Every structure is written in structure tokens, then in C-alpha cells.
Amino acid sequence: MKLINLKIQPYSLWLSYNIINRKIIEDMLPEGMQLAKIKVSDDNDCMNPKLLFNCYNIDSFWMRGSRLEVMTVAQKDNNYHFVVLVCITNALQWDPINRVQGPNGKIKFSYIQEKLNYEVISKNKEMLSFTGMPLNLIKMTKDFAVKSNYNCYFKNSDIPLTLTFNEEEIMKPVRKLKILNITNDIWKDYRTNVPEHVFMHEHVMNFKTKLPFF
């Protein structure tokens, strides 16, 4: 196994939608897992299964660029896990099913005059375009930010990606965002139209992992 350092740059974006086709999503998960009813933050967040869009910039020795991960939180034996359902990226990528793959989309990012902008276009021309401005700080729940991060999965693969990190760094308050403009036609048949929760990490986050097959 190869040890990989993953540095997530500031201004990573999260969009949290409620899932409307739960059975279909649950069938995509690793065997024995089910969708978790989880609170993302302490900010009036409902405990429902979530379809999450996480767009961020990453710096690693072989993976430098931007990624959009569409994921959910699953549960097995009282443990929570992030499960990535699809990844769109302009950088190299790895997963336990396809191993190392090249870029499969275009991503633009900027943070100018207190406006966060992301534009993601997949190979089949699906698009996420977002502009938001900062509001107040909020606290994430430990179930979401910490417990779900320790062992992550990709689609229905039962091979975990185990992450190590500093809990205090990950649990720093995040910045709630006001939506100024959003267009999102990615996975629109599986979620509500409007995200219930929108926020960004203003700080760097560092993770370490060992890839089982590189």
C-alpha cells in the first residue's frame, strides 16, 4: 500500500439535498449498508438521508486540481460512512473499482470579493454552477464531519478508504452560504431541487490514507 497525503484547500463547498429516491440510492451502496438519517450541522438541520455535493480543490503528489464528489452517508453496525457515488474531476483520480483514471470533467473555481464560485461540467455536459456569499459560522455534527470520514467507500465496492486526520482541524466551524445563483442538473432525479444546507470550509484540511491498489 502507498501512503498518500491529501491537502484540501480552503473554500471547499458543500450542498446538502434531501433524497427522494431512497431505494434506488440504497441499492448503489456496499452490501449490508443502508442510508443514514443524519444531521449535517446544529443549524436547524433535519435528520434525513442526504445526497451531498462536495466541490473542492486538492493538492497531492499525483492528484492536483478540483473535484466534485456526489455522495451520501451510509450506516452499518452503528457506524457512519461517506459513500462516493460519482466523481467529476479535472485531475487524476483513483477508486477501488476503476483504479487510476484520467480527468472526466471541467471545473472552474474562484473566491473574489467575498463570492464563492464553482462551475462543474461533466463529460456528458451535466452542469453545476454555484455562486454564494458568506453568512454566519455554524458547527457541523461529529457524526457527519468526523465519524463518516474514517472509512469511506466508492459506490458498491466493499473496499474501504481509511483516512487519518486531526479531529480538531476537521471540526472547525464552517461558513454558511447565501445562494446568489445555482444551476444543478447533476443527479436531479434523486434529490430535491433546492439544497437544504449550503456551507464552505474556510480552512485547509489534511488527510492521510493508504491506497490498497495504486
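All of these numbers come straight from a predicted model, not from anything done at the bench.

Undergrad: Explain the overall build of the chain to me, please; I cannot follow it from the model alone.
TA: Across its full length, the chain carries three helices and 16 strands. Its C-alpha atoms give the chain a radius of gyration of 16 Å, near enough to 17 Å, the size a compact globule of 214 residues would have. Seen through its C-alpha atoms, the chain measures out along the principal axes to roughly 45 × 40 × 35 Å. Taken across its 214 residues, the chain has 49% of its residues classed as buried. By sequence separation, contacts in the chain at least 24 residues apart represent 69% of the contacts at least 6 residues apart. With the model as given, the accessible surface of the chain reaches about 10,500 Å², and the carbon-plus-sulfur share is 48%. Averaging the coordinates of the 28 positive side-chain charges in the chain and doing the same for the 22 negative ones gives two points 4 Å apart.

Undergrad: I'm lost on the pattern of salt bridges in this one. Help?
TA: Oppositely charged side chains are able to pair whenever their charged atoms sit close together. Within this structure, the stated rule accounts for seven salt bridges. Note that Glu69 and Arg67 form a salt bridge whose closest N and O atoms lie 2.7 Å from each other. Linking Glu167 and Lys142 is a salt bridge whose minimum nitrogen-to-oxygen distance equals 3.4 Å. Here the residue Glu167 occupies a position in helix 3 (residues 167-170), and Lys142 occupies one in helix 2 (residues 142-145), the gap between them amounting to 25 residues. Judged by relative accessible area, which is 44%, Lys142 ranks as partly exposed.

Undergrad: Looking at this structure, how should I read the environment of Gly65?
TA: Inspection of the secondary structure puts Gly65 in strand 5 (residues 65-76). Separated by 24 residues in the primary sequence, Gly65 and Thr89 place their C-alpha atoms 7.5 Å from one another. If sequence neighbours within four positions are ignored, Gly65 has contacts with Tyr56, Asn57, Ile58, Asn90 and Ala91.

Undergrad: Whenever I open this one, unusual backbone geometry confuses me. Can you help?
TA: Leaving glycine out, the prevailing phi sign among residues is negative, and the prevailing peptide bond configuration is trans. The backbone phi angle of Asp77 is positive, close to 55°, even though this residue is not glycine. Note that Asp77 resides in the loop between strand 5 and strand 6 (79-89). Of the residues examined, Asp77 reaches a relative accessible area of 62% and is grouped as exposed. Phi at Asn78 is positive, roughly 65°, even though this residue is not glycine.

The rules behind these values
Residues numbered from 1 in each chain as written. Predicted model: local features only at pLDDT ≥ 70, side-chain atom pairs only at ≥ 80, totals over all residues. Heavy atoms only, no water. Helix = DSSP H or I, 4+ residues; strand = E, 2+ residues; numbered from the N terminus. Rg over C-alpha atoms; globule rule 2.2 N^0.38 Å. Buried < 20%, exposed > 50% of the residue type's maximum accessible area, 1.4 Å probe, protein only. Contact = heavy atoms within 4.5 Å. Areas by Shrake-Rupley, 256 points an atom, 1.4 Å probe, with all protein chains shown as cover. Lys, Arg positive; Asp, Glu negative; His and termini not counted. Charge placed at Lys NZ, Arg CZ, Asp CG, Glu CD. Salt bridge = Lys/Arg side-chain N within 4 Å of Asp/Glu carboxyl O.

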